[in-house]
Amino acid sequence: MEIWKLHVASKGQVGIEETSGLPYSLINLFAGLGSPEAEEGLLGWAGELGEEFIQIHLWEAFRFAGLLHNRALLGNDQNTSPPAASPMPRSEVVRMKIFASLQAIVDSGAFTFRQPLARAIFYPLFIAGLFAENYQQRRLTRLAFQHLMDDSQERIDGSTERVALDIVTNVWETGKGQGLTAKLALATKFAAELNIELHLY
């Protein structure tokens, strides 16, 4: 993402980046993940106009997944109730927003009709799934990963999605009661043990 900041964000491009299907303005914010400013930027992101409703759901899933990811990188779980005047939502609320967007994408029939944007849920699905804490969230995580794997088998072996789900379920088993940062560290550890590098976005 450093390359993006230096060579793309600095040019001030607008609109939708063709390869990822994400707005340039949103990707620019992702280039700053790991900094306190990233949370403010993601929370204040004004959005972009899309041609389809599914795009809006996808972008919102990305936005809030980036917020959770940033908190995990900074060691800021934000699970306790913030002051009444604080604009910062609790992490469990952010997580629910991601799952609501993912549910909307699954229910839209995007996978049934093989819409390319449906495959782009990999990053928000992995992040939200990693931190899923109840049956409903974990059930949707498994279902969405299964959609990705079914789609992948028509093109490749689906191993990336399968490994990602294995990492997520391992974190569920070993990270009970731990915060965002600890769970992200567990996922990183499991990936290292498998000698793989997941490209999430």
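Residues numbered from 1 in each chain as written. Predicted model: local features only at pLDDT ≥ 70, side-chain atom pairs only at ≥ 80, totals over all residues. Heavy atoms only, no water.

Q: Looking at this structure, I do not really get the overall build of the chain. What am I missing?
A: Scanning the chain from N- to C-terminus turns up 9 helices and 0 strands. Sequence-ordered secondary structure for the chain, helices as α and strands as β, is α-α-α-α-α-α-α-α-α. Residue pairs at least 24 apart in sequence account for 64% of intrachain contacts in the chain once pairs closer than 6 positions are excluded. (Helix = DSSP H or I, 4+ residues; strand = E, 2+ residues; numbered from the N terminus. Contact = heavy atoms within 4.5 Å.)

Q: Could you clarify how one ought to interpret the nonpolar core in this entry?
A: For soluble globular proteins, nonpolar side chains are generally found buried alongside one another. Counting 55 residues, the largest nonpolar core has Leu58, Ile98, Leu102, Ile121, Phe126, Leu130 and Phe145 as the members making the most contacts within it. Counting residues per element, the ones that place at least two in this core are helix H2 (24-30), helix H3 (36-43), helix H4 (53-74), helix H5 (91-107), helix H6 (122-130), helix H7 (135-152), helix H8 (159-174) and helix H9 (180-193). Ranked by residues supplied to this core, first place goes to H4 with 10 residues. Residue contacts for phenylalanine 145: discarding those within four places in its chain leaves Phe122, Leu125, Phe126, Glu161, Ala164, Leu165 and Val168. (Core = buried A, V, L, I, M, F, W, Y, C linked by side-chain atoms within 4.5 Å. Buried < 20%, exposed > 50% of the residue type's maximum accessible area, 1.4 Å probe, protein only.)

Q: Whenever I open this one, the pattern of salt bridges confuses me. Can you help?
A: Two side chains bearing opposite charge may form a pair once their charged atoms approach each other closely. Taken as a whole and judged by the stated rule, the model has 6 salt bridges. Among the salt bridges present, the one from glutamate 92 reaches arginine 90, with a minimum N-O distance of 2.6 Å. The exposure class of glutamate 92 is partly exposed, given its relative accessible area of 30%. Exposure remark for arginine 90: the relative accessible area of 26% places this residue in the partly exposed category. A salt bridge links glutamate 133 to lysine 183; the shortest N-O distance between them is 3.7 Å. Residue glutamate 133 is found in the loop between H6 and H7, and its partner lysine 183 is found in helix H9; the two are separated by 50 residues along the sequence. (Salt bridge = Lys/Arg side-chain N within 4 Å of Asp/Glu carboxyl O.)

Q: Quick question: what am I supposed to make of the packing of aromatic side chains here?
A: Geometrically, a pair of aromatic rings is defined through the distance of the ring centres and the angle of the planes. Evaluation of the coordinates by the stated rule reveals 4 aromatic pairs. Both rings, one in phenylalanine 30 and one in phenylalanine 62, keep their centres 5.9 Å apart while their planes meet at 65°; by these two values the pair is edge-to-face. Taken together, the positions of phenylalanine 30 in helix H2 and phenylalanine 62 in helix H4 put the pair 32 residues apart, joining distant regions of the chain. The pair phenylalanine 30 / phenylalanine 62 is uniform in exposure class, with both members buried. When the ring of phenylalanine 122 is compared with that of phenylalanine 145, the centres are 6.2 Å apart and the planes differ by 85°; the resulting orientation is edge-to-face. Taken together, the positions of phenylalanine 122 in helix H6 and phenylalanine 145 in helix H7 put the pair 23 residues apart, joining distant regions of the chain. Per residue, the accessibility class of phenylalanine 122 equals that of phenylalanine 145, and both read buried. The rings of Phe30, Phe62 and Tyr123 are connected pair by pair, giving a single aromatic cluster. (Phe/Tyr/Trp six-rings, centres within 6.5 Å; stacked < 30°, edge-to-face > 60°.)

Q: Would you take a moment to explain the environment of isoleucine 127 for this structure?
A: Relative to the helices and strands, isoleucine 127 resides in helix H6. Here the alpha-carbon distance between isoleucine 127 and leucine 184, two residues 57 residues apart in the chain, equals 8.7 Å. Ignoring any residue separated from it by four or fewer positions in sequence, one finds isoleucine 127 in contact with Ala65, Leu68 and His69.

Q: Would you mind going over the packing of H4 against H5 with me for this structure?
A: Helix-helix packing is characterised by the crossing angle of the two axes and by the distance between the axes. For the pair H4 and H5, the least separation of the axes is 8 Å and the interaxial angle reads 150°. Compared by their axis directions, H4 and H5 come out roughly antiparallel. By crossing handedness, the relation of H4 to H5 is classed as left-handed. Here Ile54, His57, Leu58, Glu60, Ala61, Phe64, Ala65, Leu67, Leu68 and Arg71 of H4 come into contact with H5, specifically with Ser91, Val94, Arg95, Lys97, Ile98, Ser101, Leu102, Ala104 and Ile105. (Axes fitted to C-alpha atoms, helices over the stretch in contact; angles between N-to-C directions. Parallel < 35°, antiparallel > 145°, perpendicular 65-115°, else oblique. Left-handed = near helix turned anticlockwise from the far one by under 90°.)

Q: What am I meant to see in the side chain of glutamate 39 here?
A: Note that glutamate 39 resides in helix H3. What makes glutamate 39 buried here is its relative accessible area of 6%. Apart from residues lying up to four places away in sequence, glutamate 39 is in contact with Leu67, Asn70, Arg71, Asn76 and Met88.

Q: Any chance you could explain the packing of H4 against H9 here in plain terms?
A: In contact at an axis separation of 7 Å, H4 and H9 are set at 90° when each is read in the N-to-C sense. One way to sum up the angle between H4 and H9 is to call them roughly perpendicular. Side by side, H4 and H9 meet where Leu68, His69, Arg71, Ala72 and Leu73 of the first sit next to Leu180, Thr181 and Leu184 of the second. When its residues are assigned to classes, the contact of H4 with H9 shows 5 nonpolar, 2 polar and 1 charged. (Nonpolar A, V, L, I, M, F, W, Y, C, P; charged D, E, K, R; others polar.)

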